[in-house]
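A closer look at the structure
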Amino acid sequence: MYGAPCVEKLSAEQKERVEALRARGRGVCLAVVRVGDDPASEVYVRNKKNACQRLGIESREIHLPGSVSQAEVEECLDKLGADPDVDGILLQLPLPRGLDDKAALTHIPAAKDADGFRSENCGTLICGGEGTLPCTPRGILYMLKHYGVALEGKHAVVIGRSAIVGKPAALMLLGENCTVTVCHSKTADLKEHTRRADILVAAVGKAGFVTGDMVKDGCVIVDVGINRTPEGLRGDVDAVSVGDKAAFITPVPGGVGKLTVAMLMENVIELAERRTGLTEA
Ligand code: GUN
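Residues numbered from 1 in each chain as written. Predicted model: local features only at pLDDT ≥ 70, side-chain atom pairs only at ≥ 80, totals over all residues. Heavy atoms only, no water.

**Some details on the pairing of strand E6 (residues 199-202)**
As a reminder, the rule being used: We call a residue buried when its accessible area falls under 20% of the maximum for its residue type, exposed when it is over 50%, and partly exposed in between, using a 1.4 Å probe and counting protein chains only. Strands are runs of DSSP state E lasting at least two residues, helices are runs of H or I lasting at least four, and both sets are numbered from the N terminus onward. Paired strands are those between which DSSP finds at least two bridges.
Burial along E6 is two-sided: the residues Ile199 and Val201 and Leu200 and Ala202 are all buried. In this sheet, E6 lies alongside strand E4 (residues 155-159) in parallel orientation, the contact comprising four bridges. Paired with Ile159 across the two strands is Ala202, which belongs to E6. Two strands pair when backbone bridges link them, and E6 and strand E7 (residues 220-223) are joined in this way by four bridges, in the parallel orientation.

**A few points about the site of the ligand**
Convention followed: Neighbouring residues are identified by heavy atoms, a residue being near a molecule or strand if any of them is within 4 Å of it. Any pair of N or O atoms that falls within 3.5 Å is considered a polar contact. Within protein, one atom must be able to donate a hydrogen and the other to accept it, and sequence-neighbouring residues count only if both atoms are side-chain atoms. Residues were grouped as follows: Ala, Val, Leu, Ile, Met, Phe, Trp, Tyr, Cys and Pro as nonpolar; Asp, Glu, Lys and Arg as charged; and all remaining residues, including Gly, as polar.
Around the ligand sit Lys48, Leu90, Leu91, Gln92, Leu93, Asp115 and Phe117, and those are all the residues in its vicinity. Side-chain polar atom of Gln92 to a nitrogen atom of the ligand: 3.2 Å apart, as the coordinates give it. Here a nitrogen atom of the ligand and a backbone polar atom of Leu93 are 2.7 Å apart. Of the residues assigned to the shell around the ligand, the class counts are four nonpolar, one polar and two charged.

**Description of helix H2 (residues 39-55)**
The test is simple: A helix is expected to span 1.5 Å multiplied by its residue count minus one. As used here, the arc is the angular range of directions from the helix axis to the C-beta atoms.
Look at H2: 25 Å from first C-alpha to last across 17 residues, which is about the 24 Å you get at 1.5 Å a residue. Within H2 the residues assigned to the buried category are Ser41, Val45, Lys48, Ala51, Cys52 and Leu55. Down the axis, H2 shows its buried residues gathered within 120 degrees of arc, on one side only. Turned more than 90 degrees off the buried face of H2, the exposed positions are Pro39, Gln53 and Arg54.

**Some remarks on the sheet that holds E6**
As summarised here, the arrangement of the five strands in space is E5-E4-E6-E7-E10, forming an open sheet in which the pairing is parallel. Taken across any chain shown, the strands that pair with only one partner, and hence form the sheet edges, are strand E5 (179-183) and strand E10 (248-249). Where E4 meets E5, five bridges bridge the pair, whose relative direction is parallel. Each bridged residue has a counterpart across the sheet, and for Ala156 the counterpart in E5 is Val180.

In structure tokens form, the structure reads like this:
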């Protein structure tokens, strides 16, 4: 399951929606706040800016020095929150040591939370209602549906319980009527669980962690890992040993990673549409 065809399809639809907003005299704008000089963050932010440019979305990058105070980061987010021209705000994580990610995120209004990291938006995953979904899990679900993977009644096993990927992915799979098991670093006999997975989502952060002996024949594997190794980017799944067993697998690079940025664009456009009254609030 490659990411590129999904992104191509999404981009065509997204361009039209941006055009439709512009026809109403309304540009779409994403503000990205980057603090310090983390090289990986610089690459991620550049990818996000390029995606905006391709769709005709205005992107504003606010780059603050690593020496800023918590109050200065929060003041910057407050200003963007109050700016009527800004539809979506993203605070690139992680922040430099000494700054508090969680406290800073509370300064992004939920209605402009492009990443879906605010607790109000996480809450809609459990309680329902209108909110913004986190980009990577949204991309995982989009991919599974795009490639026609049946979800209802299937056993989905998620390895990883982060607030950004594992937990929301598990809730979204549950929303599709999967039976969901969430595994993590303290899970006893991990293999026992993963071998029963019809759909396996690996969000571990360890290169080649999932091996062929851990999966069953015919399973569908979504590899969320992006691990920098001396051999280049590698996923959480050892693609060689699972190769013959999996019915479908997402490659790294070229799989889910591409969808994360595409889903960020989806979120920003949705936020702009809501603020314009194009969708019911
Ligand atoms: N750092 C790594 N991935 C992400 C992401 O999806 N959003 C933000 N804000 N920071 C990140």
